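Okay, here's what each chain looks like letter by letter:
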Amino acid sequence: MNALKIISFCTLAALVGTMCHKMDMGTNAIARDVVENPFVNPIPIPSILDAANATLDAKSNTASLGSGTTVNTLGYGGAAILGPTLRIQQGSTLNLAFSNNLSEATNIHWHGLEVPAAQDGYPTDVTMPGGSFQYNFPVNNRPGTYWYHPHPDLATASQAYRGLAGFFIISSPDEEALGLPGGDYDVPLVVQDKRLDAGLIYNPNTDDRTIGMFGESVLVNGTQGAMLEVATRTYRFRLLNGSNARIYNFALSSGAKFHLIGTDGGLLDAPVEVSNILLSPGERADVLVNFGGQAVGSELYLQSNTFSGTESQGKQTFKILKFKVARQETDNSILPNALMPVEVISASVAVATRSFNIGHMMSHGGMSAMVMHPLDGKLFDANRRDEVVNAGTTEIWEFDNTTGTETHPMHIHGVQFQVLNRSGGRSAVQVWEKGWKDTVLAFPGEKVSIIIRFPGNKGKFVFHCHNLEHEDGGMMLNFEIQ
Ligand code: C2O
Ligand code: CU
Ligand code: CU
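Residues numbered from 1 in each chain as written. Chains lettered and ligands numbered in written order. Predicted model: local features only at pLDDT ≥ 70, side-chain atom pairs only at ≥ 80, totals over all residues. Heavy atoms only, no water.

Asks: What is the right way to look at the coordination of the copper ion (ligand 3) in this model?
Replies: The reference angle at a metal is 109.5 degrees if four donors form a tetrahedron and 90 or 180 degrees if six donors form an octahedron. In this structure, His408 (ND1), Cys465 (SG) and His470 (ND1) serve as the protein donors to the copper ion (ligand 3), at separations of 2.0 to 2.1 Å. Binding-site remark: the copper ion (ligand 3) is held by donors from one chain whose sequence spacing is H-x56-C-x4-H. Within this pair, whereas His408 is found in strand E28 (residues 408–412), its partner His470 is found in helix H5 (residues 468–472), the two being separated by 62 residues in sequence. When its relative accessible area of 1% is taken as the criterion, His408 is described as buried. (Donors = N, O, S within 2.8 Å, 3.2 Å for Na, K, Ca; no water. Helix = DSSP H or I, 4+ residues; strand = E, 2+ residues; numbered from the N terminus. Buried < 20%, exposed > 50% of the residue type's maximum accessible area, 1.4 Å probe, protein only.)

Asks: Help me understand the sheet that holds strand E12 (residues 217–220), please; the structure alone is not making it clear to me.
Replies: Here seven strands make up an open sheet; going across it, the order is E13-E12-E11-E15-E20-E17-E18 and the pairing mixed. In the strand order of this sheet, the two ends are held by strand E13 (223–224) and strand E18 (266–274), each with one partner. Of the strand pairs in this sheet, strand E15 (residues 234–241) and strand E20 (residues 284–290) are connected by seven bridges, and their pairing is antiparallel. Following the sheet pairing, Leu239 is matched in E20 by Ala285. (Pairing = 2+ DSSP bridges.)

Asks: Please clarify how the coordination of the copper ion (ligand 2) should be interpreted in this entry.
Replies: Here the copper ion (ligand 2) is held by the protein donor atoms His109 (NE2) and His411 (NE2), which lie 1.8 Å from it. With His109 in strand E7 (residues 109–111) and His411 in strand E28, this pair connects stretches of sequence that are 302 residues apart.

Asks: Teacher, can you tell me more about unusual backbone geometry here?
Replies: What you tend to see is this: most non-glycine residues have negative phi, and most peptide bonds are trans. Of note, the phi angle at Leu65 is positive, near 55°, even though the residue is not glycine. On the secondary structure map, Leu65 appears in the loop between strand E3 (54–63) and strand E4 (71–76). One non-glycine residue with positive phi stands out, namely Asn221, at about 50°.

Asks: I tried to follow the pairing of strand E31 (residues 447–453) on my own but got confused; where do I start?
Replies: Look at any regular strand and the pattern is simple: side chains alternate between the two faces of the sheet. Where burial is concerned, most of E31 is hidden: five out of the seven residues are buried. As paired elements, strand E27 (residues 394–400) and E31 share seven bridges and run antiparallel to each other. Counterpart to Trp397 in the pairing with E31 is Ile450. Bridge analysis of strand E29 (residues 417–423) against E31 gives six bridges, and the strand direction is antiparallel. Residue pairing across strands places Phe417 opposite Ile452, the latter belonging to E31.

Asks: What is the right way to look at the packing of aromatic side chains in this model?
Replies: To describe a pair of aromatic rings, you give the distance between the ring centres and the angle between the ring planes. One pass over the full model with this rule turns up 29 aromatic pairs. With a centroid separation of 5.4 Å and an interplanar angle of 25°, the aromatic rings of Tyr248 and Phe250 are classed as stacked. Here the two residues Tyr248 and Phe250 agree in accessibility, since each one is buried. Among the aromatic residues, those joined into a ring-pair cluster are Tyr76, Phe98, Trp110, Phe133, Tyr135, Phe137, Tyr148 and Phe168. A cation sits over an aromatic face here: Lys194 above Tyr161, 5.1 Å from the ring centre. Positioned above the aromatic ring of Tyr301, the side-chain terminus of Lys319 is 5.1 Å from the ring centre. (Phe/Tyr/Trp six-rings, centres within 6.5 Å; stacked < 30°, edge-to-face > 60°. Lys NZ or Arg CZ within 6 Å of the ring centre and 35° of its normal.)

Asks: How should I be thinking about the domain arrangement of the protein in this particular structure?
Replies: Interfaces are often sized by the accessible area lost when the parts come together. Entries for the protein in the domain assignment read domain 1 (3–24 + 342–481), domain 2 (43–176) and domain 3 (183–327). Both sides together, the interface formed by domain 1 and domain 2 hides about 1,800 Å², and carbon and sulfur atoms give 57% of it. One can count zero salt bridges joining domain 1 with domain 2. Mapped by element, the contributors of at least two residues to the side of domain 1 that touches domain 2 are strand E32 (459–465), H5 and strand E33 (476–481). Top element by residues in the side of domain 1 that touches domain 2 is E32. It accounts for five residues. Among the residues making up the side of domain 1 that touches domain 2, the classes are represented as 10 nonpolar, 10 polar and six charged. (Domains from an automatic or database assignment. Buried area = accessible area lost by both parts, 1.4 Å probe. Salt bridge = Lys/Arg side-chain N within 4 Å of Asp/Glu carboxyl O. Nonpolar A, V, L, I, M, F, W, Y, C, P; charged D, E, K, R; others polar.)

Asks: What is the right way to read the confidence of the model for the protein from this model?
Replies: Reading fine detail from the predicted coordinates is not recommended where pLDDT is low. For the protein, mean pLDDT is 93; residues scoring 70 or higher make up 93% of the total. Considering only residues more than four positions removed or in separate chains, one finds that residues 1–26, a stretch of pLDDT under 50, has 38 contacts. (pLDDT = per-residue confidence, 0-100. Contact = heavy atoms within 4.5 Å.)

Asks: Is there a simple way to explain the layout of surface pockets in this structure?
Replies: Of the voids in this model, the largest pocket is the one considered here, and its volume is about 350 Å³. Forming the boundary of the largest pocket are 21 residues, of which Ile45, Gly183, Asp184, Asp186 and Val187 lie nearest the centre. Broken down by secondary-structure element, the contributors of at least two residues to the lining of the largest pocket are strand E5 (85–89), strand E11 (186–194), strand E14 (226–231) and E15. Taken together, the residues of the lining of the largest pocket sort by class into 12 nonpolar, three polar and six charged. Each of domain 2 (43–176) and domain 3 (183–327) accounts for three or more of the residues forming the lining of the largest pocket. (1 Å grid on protein atoms, 1.4 Å probe; cavity = no way out; pocket = protein on both sides within 12 Å on 5 of 7 lines; lining within 4 Å. Points joined across faces, edges and corners; volume = space filled by probe spheres on them.)

Structure follows, in C-alpha cells:
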C-alpha cells in the first residue's frame, strides 16, 4: 500500500468532483454489541519473566480462550495468546533475545518506555520470519504498568488482534516500600474484545476499517467469561485496554468506589477515589479495590458502563470479569496518603506549540476495502521527517479533533507527557489523565493539549492513533529527536 498513490488518487478524485474527505461511507457504523457468556473460566495470570535476562519468541498456536471452540492464535514466549509479564527494576538494563517464529515479519514496541530509536520497534525495523533480534536498553521509566506489542508497518492491528501483547512492569525500592498489595494480590488485567465467532481471523471490512475492529467477546488475560476468586482484602489491579478499538468505562457492578493509584507513566502522587475510569486502546490504570466489606460467597463484576462522546460506541453496559469472594483474610496492605512525587511541568517552559488536525477522514471504497485516516492531512510514510524536535526541550502539542466525527486515542512513542487542557466535548482533564501519560483520548469535538519533555534518545520515532485500524490506515507520523 503506497501512501503517495492514495494521495494522488485522492487529488485526482477531488478534481473530477468526488468528495474525498469525509466521503462518509461508514461514519455511521456502530461497534458490534458485546455478548456476555457465563463467567466460569478461572482467569489465567501471565507468567513472569525477568526482562534483564530474557529469551522470547513469537509464534502461532491454537487455543479455545474459554469459548470451547479452538481458534488460531499468536503468542509470545510459548503462551497460546499474549505473553509473559516482563518485570524489571527501574535503572536496570533490559536484555532480551527475540526470535520470530511467525510466518510474517514482526518486531517489538515497548509502549510507554523511553527507548533508543533503534530499539523502539519503528514500523520498518522488522525481524523477518526465522530471524532474531537482541533488544538491549536501560529502563529508566517510573515504576508502573507499561506493555509491549508488535509494530510492523500495516500489520500492527492484525498481529495484536490475533494475540501478540504483554505487560511490562517496572518496580523500584521506593515503590516496594509503599506496602501496596503484592504477589498474588497484584493482578495485571488486559481487556480485549475479539470475534471468537469468526475464529479470531483478522479480516476487517470497510466499517471495521472506519471505526475499528470490534468483537462480541470480551477477554481478560486471553479468556472470555473470566472469573477471579478473591479474599476479603485489598487488591492492586493493573488495567490495560489492549483492544484494537473498543473503549471501556470501567466500574464495579456494585457501584462501589475504588482508588486510582497510577496511570500510563506510573504511580500518581496520591491515591484518588473514583467510581469509573474511561480507558481507550493503549491506556492503563493502576487501581486498588477493597473487597473487605464483602461477604464470603458474594459476587461482583468489573464492568463497562455506558458513556457518551462518540456515536460509534458506549451505548451498552456489559460485564467483563467476575470477582467471587471466596475466603476471609486479614488485610495487611495499607492505603498510603502519598505515593510517588509527580513533577508538574509548567506550560511556561514550552519552547514551541505544534497543532495537529486529527479531524479528517478519507475513504476509498472502490479499490479494495481500504479506508485511510490522515493525521494532519498526511498518511504515514517511513521516508518522511514530519516533525523535528530538540532533545531535552519541552513542547506543547495539540491534537485537534474539533471538526472530526471519529474517536482517536493519540499515542506518542518514546516519551511520557502530561495532559494540560481539553476544550470542547468533555472540556476538562479527567481524573484518570493525571500524572504521566503516553496515550490520550480525543472524542469528536475535542481539542487536547499535552506537554512533552523530549528525552535524550536521538532518532526517528512515530506518533499515531492507537485505534489500530486507524494506525494501519495511515494515521501515523514521524518525529525526530535531534
Ligand atoms: Cu502501543 Cu505505537 O503503540
Ligand atoms: Cu508506543
Ligand atoms: Cu483514530
